[in-house]
Amino acid sequence: MIAKTFFGFEEVLAKELRNLGAERVQIGTRMVSFYGDKGFMYKANLCLRTALKILKPIKTKKVYNEKSLYDFIYKVDWDQFMDANDTFAINATVNSTIFKHSHYVALKSKDAIVDKFRNETGKRPKVDTDRPDIQINIHIQQDTCTISLDSSGGSLHHRGYRTATNIAPINEVLAAGLLLLSGWDGQCDFVDPMCGSGTLAIEAAMIACNIPANLNRKEFAFERWLDWDLDLFELIEKSVLNKTRDFHYSIKGYDKAPSAVRKAVDNVKNANLDDFVSISNANFFEGTKEDKEKPLHMVFNPPYGERLELNEEEFYSEIGDTLKKEYPNTQAWFITSNIEALKFVGLRPSRKIKVFNGKLESRLVKYEMYAGSKKAKYQEKKK
Ligand SMILES: C[S@@+](CC[C@H](N)C(=O)[O-])C[C@H]1O[C@@H](n2cnc3c(N)ncnc32)[C@H](O)[C@@H]1O
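What you see is a predicted model; the values in this text were computed from it and never measured.

1. A short note on the domain arrangement of the protein
How large an interface is tends to be reported as the accessible area lost when its parts come together.
Reasoning step 1: Entries for the protein in the domain assignment read domain 1 (2–150) and domain 2 (172–210 + 246–382).
Reasoning step 2: Its C-alpha centre places domain 1 at a distance of 38 Å from the equivalent point of domain 2.
Reasoning step 3: Domain 1 puts ten residues into the contact, and the matching count from domain 2 is 13 residues.
Reasoning step 4: Where domain 1 abuts domain 2, roughly 980 Å² becomes buried across the two surfaces, and 77% of that area is made up of carbon and sulfur atoms.
Reasoning step 5: Viewed at the interface, domain 2 and domain 1 are joined by zero salt bridges.
Reasoning step 6: Inspection of the domain 1/domain 2 interface yields one residue pair in polar contact (both at pLDDT 80 or more).
Reasoning step 7: A per-class count over the side of domain 1 that touches domain 2 returns six nonpolar, two polar and two charged.

2. Some words on the packing of helix α5 (residues 172–181) against helix α6 (residues 199–208)
Reasoning step 1: Following both chains from N to C, one finds α5 and α6 inclined at 60 degrees, their axes separated by 9 Å at the closest point. Relative to α6, the element α5 is oriented oblique. The handedness of the crossing between α5 and α6 is right-handed. Along the contact surface, α5 presents Glu172, Ala175, Ala176, Leu179 and Leu180, while α6 presents Thr199, Leu200, Glu203, Ala204 and Ile207.
Reasoning step 2: Here the residues of the contact of α5 with α6 sort into seven nonpolar, one polar and two charged.

3. Digging into the nonpolar core
Reasoning step 1: Of all hydrophobic cores here, the largest spans 53 residues; its most connected members are Leu17, Trp78, Ile136 and Ile138.
Reasoning step 2: If we ignore the near neighbours within four places in the chain, the residues touching Ile136 are Trp78, Phe88, Ala89, Ile90, Asn91, Ile113, Ile147, Ser148 and Leu149.
Reasoning step 3: Leu178, Val277, Ile279 and Ile353 belong to the second-largest nonpolar core, a separate cluster that totals 38 residues.

4. Here's the deal with the packing of helix α2 (residues 38–47) against helix α7 (residues 230–241)
Reasoning step 1: Relative orientation of the contacting elements α2 and α7 amounts to 50 degrees, with a least axis distance of 9 Å. It follows that α2 is oblique to α7 by the angle criterion. In this structure, α2 crosses over α7, and the sense of that crossing is right-handed. Taking contact as the criterion, the partners of Lys38, Gly39, Tyr42, Lys43, Leu46 and Cys47 in α2 are, on α7, Leu232, Phe233, Ile236, Glu237 and Val240.
Reasoning step 2: Looking at the contact of α2 with α7 residue by residue, the class counts come to seven nonpolar, one polar and three charged.

What counts, and at which threshold
Residues numbered from 1 in each chain as written. Predicted model: local features only at pLDDT ≥ 70, side-chain atom pairs only at ≥ 80, totals over all residues. Heavy atoms only, no water. Domains from an automatic or database assignment. Contact = heavy atoms within 4.5 Å. Buried area = accessible area lost by both parts, 1.4 Å probe. Salt bridge = Lys/Arg side-chain N within 4 Å of Asp/Glu carboxyl O. Polar contact = N/O pair within 3.5 Å; in protein donor to acceptor, adjacent residues only side chain to side chain. Nonpolar A, V, L, I, M, F, W, Y, C, P; charged D, E, K, R; others polar. Axes fitted to C-alpha atoms, helices over the stretch in contact; angles between N-to-C directions. Helix = DSSP H or I, 4+ residues; strand = E, 2+ residues; numbered from the N terminus. Parallel < 35°, antiparallel > 145°, perpendicular 65-115°, else oblique. Left-handed = near helix turned anticlockwise from the far one by under 90°. Core = buried A, V, L, I, M, F, W, Y, C linked by side-chain atoms within 4.5 Å. Buried < 20%, exposed > 50% of the residue type's maximum accessible area, 1.4 Å probe, protein only.

Structure follows, in structure tokens:
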């Protein structure tokens, strides 16, 4: 199978897959390939935090022109996967000098499937791009064509807990990826001081408690497949739910905008995480760390572009000053596409990782604030 992800999260996804028990895990560009059976496919869709979708390849062949592509698609035993009453959709991606237009490849492939059913059954399956019974993926890499079934359907960032959205919610897969890259493992307190709709706090709680990422998701594409096995799915679901763990620290989200706070509270409730996540209305620049002695893990995404109310220099230096003065003993990570503005933070980041937030090239940066009191005590002693 192929699990697709965002640029920069391939290693994290491969680790997730190995932890789940995938075999022959191999890292590619924005994807990781692996082997597993049907039960594992269900498990991967339920549990993976950094996968956007999971494809199950069914046939690969070299294709040299439009006709060989059509013949290849036509010859597939389609009635193994769907019948003439099913609806289907095709998503094509091409990276080839022979085939240049993905839309055209999708159209040819659709013709081959429709012709096959019409010739054999007299009926033609219909295309439905919104909610197809079968989602087919055609990938052409130079002259190699791979036909896959999309086992997920809509992107796996649709976790099912977000009914409310605010101005700039971070993608759930990106949020989980940033948390895992930051090393968050639920072994101390967590704060997102600019939490917006609460995505990072919710994903942080799910990681801390080892709750499957897509437990609340409405539907997976494999539920409409001919070989859908509800008993097996329920067995897998039960076994992964048995692996959830207790969490002994706190997870907090603050936002200065009351509208964001209301949305975050709704989302936390939808995710059934009210016991683990608390949201409050607070301005990060006016607050302070609750317990200066306890270690704290912080991950956030500050506003960007025209959403910034202060100018860049003021905003980023306020972040730096607040961290320095008010947050000793803290690992603070944030993502920004405003790479130039990082100099205004006035602290040296101990890590800088290149990632993308949508199309925006960004950095995930880490600042380590040491325990101020320890340093003070040490200096006191030296006097
Ligand atoms: C890009 S959004 C965060 C999106 C969030 N990660 C989500 O998933 O919805 C930035 C948020 O920072 C908040 N914000 C800006 N300045 C703030 C401050 N000084 N203190 C607290 N929140 C702040 C904004 O109200 C906005 O909701």
